[in-house]
Amino acid sequence: MINRDDFHRTAAACERCGATYAARKFSDGSIRLIGRSNECRCGGREFVDLSEAERPNGSGRTATD
Ligand SMILES: [Zn+2]
């Protein structure tokens, strides 16, 4: 049985204007706004998952070249 609800609710912020929206984040990492087409009122289409951004440990993975 396939679980079609393969996402969790989160908050997403527009990368352009910082507006926050309720959103769903899917297991593949994509973010969909709830109740809107996937576009901010400013026209932005890139969103940051706030639950990820506020991770207390910050960047656990540091790019070491
Ligand atoms: Zn925006």
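Right above here is the structure, for reference.
Below: a short report on this structure. (Residues numbered from 1 in each chain as written. Predicted model: local features only at pLDDT ≥ 70, side-chain atom pairs only at ≥ 80, totals over all residues. Heavy atoms only, no water.)

**So, the overall build of the chain**
And then number 1: Scanning the chain from N- to C-terminus turns up one helix and four strands.
And then number 2: Ordering the α and β elements of the chain from the N terminus gives β-β-β-β-α.
And then number 3: Every one of the 65 residues in the chain was classed for burial, and the buried ones make up 22%.
And then number 4: Taken as a whole, the chain presents about 5200 Å² of accessible surface, with 44% of it coming from carbon and sulfur. (Helix = DSSP H or I, 4+ residues; strand = E, 2+ residues; numbered from the N terminus. Buried < 20%, exposed > 50% of the residue type's maximum accessible area, 1.4 Å probe, protein only. Areas by Shrake-Rupley, 256 points an atom, 1.4 Å probe, with all protein chains shown as cover.)

**A word on the packing of aromatic side chains**
And then number 1: Counted under the stated rule, the structure contains two aromatic pairs.
And then number 2: Summarising the aromatic geometry, the rings of F7 and F26 are spaced 5.2 Å apart at their centres and angled 55 degrees between planes, so their arrangement reads as tilted. Remark: F26 occurs in strand β2 (residues 20-26) and F7 occurs in strand β1 (residues 7-14); sequence separation between them is 19 residues.
And then number 3: Ring centres 6.2 Å apart and planes at 85 degrees place the aromatic pair Y21 and F47 in the edge-to-face group. Of this pair, Y21 sits in strand β2 while F47 is found in strand β4 (residues 47-49), placing the two residues 26 residues apart along the sequence. Across the pair, exposure class does not vary: Y21 and F47 are buried alike.
And then number 4: Sitting above the plane of the F7 ring, R24 keeps its charged end 5.1 Å from the centroid. (Phe/Tyr/Trp six-rings, centres within 6.5 Å; stacked < 30°, edge-to-face > 60°. Lys NZ or Arg CZ within 6 Å of the ring centre and 35° of its normal.)

**A word on the sheet that holds β2**
And then number 1: Pairing is antiparallel in the open sheet, where four strands are placed in the order β3-β2-β1-β4. Two strands bound the open sheet, and with one partner strand each, they are β3 (31-33) and β4. Here the average twist between neighbouring strands, direction ignored, is 45 degrees.
And then number 2: Pairing between β2 and β3: three bridges, direction antiparallel. Each residue of the ladder has a partner; that of A23, found in β3, is L33. (Pairing = 2+ DSSP bridges. Axes fitted to C-alpha atoms, helices over the stretch in contact; angles between N-to-C directions.)

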